[in-house]
Amino acid sequence: MEMFSKLTSLFQQALETREPSVDLQESFVEHWKGITNYYIQTTDEECPARQTDIPWRLKQMLDILVYEERQQAVDETGPCLEYMLQHKLLETLCTLGKAQYPPGMLQQVLLFASSLLIRIKKPLLHMLNIYRPIQKLIGLCALPGSQTEKEEAQLLLAVCSRVKEDPYLLNYVLKIPNMSKSKMAESPSNQSGDRNGSDAKVDDQSPSPPCNQTESTTSSHSQPEYTAYSLDHSGCASPPAEAPDLLSALVHLTQSQRGRVRQKAHEGLLLLVGLQSEASGETLVQRTQLVALLAGRLVQLYSLISTEELDPQEILNLPPIAWSSQFSKAPHDDSLACPGLDHVTLFFCWLDFLDHMMNEGPQVLAHRLSVHVHQLWLSEALLPQLMSTGESAVLLSTVVLCRVVQVVRSTALLDRLVLFLLGSQSQPEEPLNTQDTRTLRCRLIQQCDHISEEISMASLRLFEELLQKPHRDILPNLVLRNLEPRLYLTVAPAPLDDRHTDSGEDHEDLEEDPLFPDSLYSDSQTLPSSSPSLSGSVLNSHVHSTDVINSFLCLVPQEVKSSQLVQEGGYDSYVLEARSLCEECVALSQQDWPEDLPPPCSSSAVAGSVFYEGHFLQVLFDRLGRLLEQPYDLNLQLTSVVSRLAAFSHPVITEFLLDPYITLTPGARTLFTVLIRVIGELMQRVQMVPDVSDRLIRVRRKLLELDQHSQEEHQTLLRGIILLEEFCKELAAIAFVKLTLDRD
């Protein structure tokens, strides 16, 4: 029994005896010495690093650091981390990685450094012996022929994640030296010299914390830092000959062939531009080459698009392309069908990425990036193609520009696009002179009436896309600045009884035209000039609303109408679509338009004022006048633009495009008068077509069947008649919807 008690006591003591705790620092030092001993003892210099015990020892060291951090308070530094900092272990590893000794050592060092930043939660990048080797490792990234892109992207993303958590660290990783206000005020040459000198001494000084708001504002008036970066022959911003910094390395890795690497590089850039600190935004804009690199990459991708390999229609038919779609492993169907479409896809992926940046980033960054896109791509790369005489270059550039307008969402980039396309003029236009023809706006409008049908359709499509963008300057620039004075109206002080006597002399070219009989306008339908109640549109009057709608419905003579013969609907079939279009145009209005019409200005009130509808409406009306002799697809695009214009809710647009009963000044024309002239031409030409009703029915049925290849004699004329009938019904539906919206 006594023996049993002794055994029990011994077992109890054994259970209570604790194993001596492992000394973490001693183990950490042992693993480090194991790495250094390798270089002393090894005789095989060609043995890859992954075949040695170096990767295992680095992993053990990292595990020890992570375990140690969990045992420490947040504000304490454990002995192992202290040892690593004091003995500059990361600096030594960086040197070994740069030497690639043993082969593949850089890959192991990059993995260790990125894992250190990811797994250690304690702030590290502000420590001198951390950010200096990290800067050197960043300088080893994105080099030509690199075999470690995966590890490089992981490190750069880890650094960006740290900066996202604490924007104060931005200057540490970007190696931006301290710049006092006096240095900022120096000349560009002095700044360049100071900057080059500071770069050479970056290891001997500590980066400054991010500049405050005052310093950032001051630096905006000095020479921007990105001017130290040149542009190569393709327009792409080239980093200096020195080692790449964080930003240039990220931009370079966005070009990798490996989708996962590209994705991490994109995510890293988004983390940097998404910093909420205004000082950080100023730093990225004023003291780095970021915006030049981003815009330069856009120019580089655009230069890869070939005019010989591409069908422009393929570009317009592309589905929406998000910047993240390029990381998908599945091949794009369209890129297989069209050889050059993969370059187009990459271009629009990058454009969407920049557009996303401008939406998410600070306003100062969005503005500066849009300015660079304007200068480097729009003005220097795209403009020469748009203004060239080669039809293939003009067509491709117009189609690309049309697609760009369609997909852009950021306010900053849209502002630049509108300025580039339309200019900044706000005064009413004058008839074209020789100088005006050199502007891009004039060239694009002229292209709507180009001898090439493809260029005409692409240009019309471009303006249709513009009219769908929420920008306050588009409609005033194209239309409103010419119509708002209402100089197209005849303002006569004479009473109603004398109006018909005077109108025979004042409106000779309208009244004597057989297409404009005197009975077209009644006394109740002319626009009196002296009554203050007439400041609103005729469509706001319930008395005349039915007359307005019927005016468009009755434009096409009954003998050439064919929709009822194939049991198609009347204008009411367009009402739902017209309502949707009008509501969309109302939502696009970026300013409060007046509900009532402004009082008309007489030519005598404005010295030298003669009504000119403007270049855009002039070309549209000229095209509409030739509707019966133009291809069907071109007419569809043309009438689509005009219908969208008519759907805008500005009262002057409603009056000018949809009111048949206004009295015009000599030489003025409206949409209704243009259509009347087309009807007059139609009635003359249709006399030459036998069995016109039967032919119209056959052509209409073929159009419904989407049979574009079958040929019918007088097919262009017959299709034009059918389209004219449908266009008039659509305009009647828009007039009806506008009336109901006004009542609501």
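Summarised in this report is the structure supplied together with it. (Residues numbered from 1 in each chain as written. Predicted model: local features only at pLDDT ≥ 70, side-chain atom pairs only at ≥ 80, totals over all residues. Heavy atoms only, no water.)

**Notes on the overall build of the protein**
The test is simple: To qualify as a helix, a DSSP run of H or I must reach at least 4 residues; to qualify as a strand, a run of E must reach at least 2; elements of each kind are numbered from the N terminus. The cut-offs for exposure are 20% and 50% of the maximum accessible area for each residue type, with area from a 1.4 Å probe on protein chains only; residues under the lower value are buried, those over the upper are exposed, and the others partly exposed. In this analysis, two residues are considered to be in contact whenever any of their non-hydrogen atoms come within 4.5 Å of each other. Surface accessibility follows the Shrake-Rupley procedure with a 1.4 Å probe radius. Residue values consider only the protein chains on display as shielding.
Of the regular secondary structure elements, the protein holds 35 helices and two strands. Out of the 744 residues in the protein, the part that is buried amounts to 52%. Long-range contacts, defined here as pairs at least 24 residues apart, represent 79% of the contacts in the protein between residues at least 6 apart. Surface summary for the protein: the accessible area is close to 35000 Å², and the carbon and sulfur share equals 51%.

**Notes on the pattern of salt bridges**
Rule in force here: Any Lys or Arg side-chain nitrogen found within 4 Å of a carboxyl oxygen on Asp or Glu counts as a salt bridge.
Under the counting rule described, the total for this entry stands at 22 salt bridges. When the shortest N-O distance is used, the salt bridge between Glu 613 and Arg 669 registers 3.1 Å. Linking Glu 613 in the loop between α29 (575–588) and α30 (615–625) with Arg 669 in the loop between α32 (651–658) and α33 (671–685), this pair joins segments that are 56 residues apart in sequence. Residue classification places Glu 613 among the buried positions, given a relative accessible area of 8%. When its relative accessible area of 22% is taken as the criterion, Arg 669 is described as partly exposed. We note a salt bridge from Asp 622 to Arg 669, for which the minimum N-O separation is 2.8 Å. Of this pair, Asp 622 sits in helix α30 while Arg 669 is found in the loop between α32 and α33, placing the two residues 47 residues apart along the sequence. On the basis of relative accessibility, which here comes to 26%, the residue Asp 622 falls in the partly exposed class. Linked by salt bridges that have partners in common, Arg 700, Glu 725, Glu 726 and Lys 729 make up one network.

**A look at the nonpolar core**
One recurring pattern in soluble globular proteins: nonpolar side chains tend to sit buried together. Convention followed: Nonpolar cores were defined as sets of buried Ala, Val, Leu, Ile, Met, Phe, Trp, Tyr and Cys residues, with membership established by side-chain atoms within 4.5 Å.
Counting residues in each nonpolar core, the largest one holds 220 residues, and the members touching the most others are Ile 134 and Trp 377. At 14 residues, the largest contribution of residues to this core is made by helix α35 (residues 715–743). In this structure Trp 377 touches Leu 298, Val 299, Tyr 302, Phe 347, His 372, Leu 382, Val 400 and Val 404, once residues within four positions along its chain are discounted.

**What to know about helix α13 (residues 246–253)**
Note the following rule: Contacts described as polar in this section are N or O atom pairs within 3.5 Å, which, within protein, must combine one atom able to donate a hydrogen with one able to accept it, while residues neighboring in sequence count only if both atoms come from side chains.
Among the eight residues in α13, seven count as buried, and that is most of the element. On its buried face, α13 is in contact with α7 (128–139), α8 (149–165), α9 (170–174), α14 (259–273), α15 (278–286) and α16 (290–303). For α13, the N-terminal cap is Asp 245; the gap from its side-chain oxygen to the backbone nitrogen of Leu 247 is 3.3 Å.

**Comments concerning unusual backbone geometry**
Backbone torsion omega between Tyr 101 and Pro 102 reads -5°, so that peptide bond is classified as cis. Structurally, the position occupied by Pro 102 is in the loop between α5 (89–99) and α6 (105–119). Backbone geometry at His 714 places phi at a positive 60°, although glycine is not the residue there. His 714 gets classed as partly exposed once you look at its relative accessible area, which sits at 30%.

**Some details on empty space enclosed by the protein**
Condition: Definitions used for this entry: grid spacing 1 Å over protein atoms alone; cavity, a set of points where a 1.4 Å probe fits but cannot get out; pocket, an open set with protein on both sides within 12 Å along at least 5 of 7 lines; lining residue, one with an atom within 4 Å of a point. Grid points are joined across faces, edges and corners, and a volume is the space filled by probe spheres set on the points.
Under the criterion given, the structure shown has four cavities of 30 Å³ or more. Of the pockets and cavities examined, the largest cavity occupies roughly 110 Å³. Forming the boundary of the largest cavity are 14 residues, of which His 471, Ile 474, Leu 475, Leu 588 and Phe 648 lie nearest the centre. Counting residues per element, the lining of the largest cavity draws most heavily on helix α25 (residues 474–483), which supplies three residues. Lining the second largest cavity are Leu 65, Glu 68, Glu 69, Gln 72, Glu 76, Gly 78, Leu 81, Leu 116, Ile 120, Lys 122 and Leu 124. By residue number, the principal contributor to the lining of the second largest cavity is helix α3 (residues 54–71), which donates three residues.

**Regarding the packing of aromatic side chains**
Let me state the cut-off plainly: Classification of ring pairs uses Phe, Tyr and Trp, with its six-membered ring standing for Trp, and accepts pairs whose centres are within 6.5 Å; under 30 degrees between planes counts as stacked, over 60 as edge-to-face, and the remaining range as tilted. Should the NZ of a Lys or the CZ of an Arg lie within 6 Å of a ring centre and within 35 degrees of the ring normal, that charge is described as sitting over the ring.
Tallied over the entire structure, the rule returns 19 aromatic pairs. Grouping aromatic residues by their ring pairs yields a cluster made of Tyr 302, Phe 347, Phe 348 and Trp 377. Here Arg 403 stacks its cationic end above the ring of Phe 348, 5.9 Å away from the centre of that ring.

**Quick notes on the packing of helix α2 (residues 24–41) against α3**
Rules: Angles here are taken between N-to-C directions and fall from 0 to 180 degrees, while the axes themselves are lines fitted to C-alpha atoms, restricted in helices to the stretch in contact. Our angle categories are set so that under 35 degrees counts as roughly parallel, over 145 as roughly antiparallel, 65 to 115 as roughly perpendicular, and the remainder as oblique. Two helices cross in a left-handed way if the nearer one is turned anticlockwise from the farther one by less than a right angle. They cross in a right-handed way if the turn is clockwise.
Taken N-terminus to C-terminus, the directions of α2 and α3 make an angle of 160°; their axes are 10 Å apart at the nearest point. Judged on the interaxial angle alone, α3 and α2 are roughly antiparallel. Crossing handedness for the pair α2 and α3: left-handed. Together, Leu 24, Ser 27, Phe 28, Glu 30, His 31, Trp 32, Gly 34, Ile 35, Tyr 38 and Tyr 39 of α2 and Ile 54, Trp 56, Arg 57, Leu 58, Gln 60, Met 61, Ile 64, Leu 65, Tyr 67 and Glu 68 of α3 make up the contact between the two elements.

**Structural notes on the environment of Thr 42**
Among the structural elements, Thr 42 can be located in the loop between α2 and α3. Reaching out from Thr 42, the side chain makes a polar contact with the backbone nitrogen of Asp 44 at a distance of 3.4 Å.

**Details of the environment of Ser 256**
Tracing the chain through its elements places Ser 256 in the loop between α13 and α14. Placed 106 residues apart in sequence, Ser 256 and Lys 150 show a C-alpha to C-alpha distance of 9.7 Å. The contact partners of Ser 256, leaving out residues within four places of it in the chain, are Glu 149, Val 261 and Arg 262.

**Some details on a negative patch on the surface**
For clarity, the threshold we go by: Patches were defined on residues exceeding 30% relative accessible area and lacking a salt bridge, with like-charge contacts within 9 Å and nonpolar side-chain contacts (Val, Leu, Ile, Met, Phe, Trp, Tyr) within 5 Å. Charge assignment in this entry is limited to Lys and Arg as positive and Asp and Glu as negative, and neither His nor the chain termini are counted. One atom stands in for each charge, and that atom is NZ of Lys, CZ of Arg, CG of Asp or CD of Glu.
Together, Asp 311, Glu 391, Glu 453, Glu 454 and Asp 633 line one region of the surface with negative charge. Asp 311 gets classed as partly exposed once you look at its relative accessible area, which sits at 37%.

**Considerations on α8**
The following threshold applies: Expected span of a helix: the number of residues minus one, times 1.5 Å.
For α8, with 17 residues, the first-to-last C-alpha span of 24 Å sits near the 24 Å given by 1.5 Å per residue. Buried residues dominate α8, accounting for 12 of its 17 residues. Packing partners of the buried residues in α8 comprise α6, α7, α9, α13 and α14.

**A few points about the environment of Ser 459**
Following the sequence through the fold, Ser 459 ends up in helix α24 (residues 453–466). Overall, Ser 459 belongs to the buried group, its relative accessible area being 0%. Between the alpha carbons of Ser 459 and Val 399 there is a distance of 7.9 Å; along the sequence they are 60 residues apart.

**Here we look at the side chain of His 31**
By secondary structure assignment, the location of His 31 is in helix α2. Engagement of the side chain of His 31 in a polar contact is seen with the side chain of Arg 57, the distance being 3.2 Å. Residues in contact with His 31, not counting those within four places in the same chain, are Trp 56, Arg 57, Gln 60, Met 61 and Ile 64.

**Concerning the side chain of Thr 254**
Within the secondary structure layout, Thr 254 lies in the loop between α13 and α14. Look at Thr 254 and you get buried, because its relative accessible area is 5%. Within polar-contact distance, the side chain of Thr 254 engages the backbone oxygen of Val 251 at 2.3 Å. Non-local contacts of Thr 254, meaning those with residues more than four positions away in its chain, are made with Arg 262, Ala 265, His 266, Leu 269 and Trp 350.

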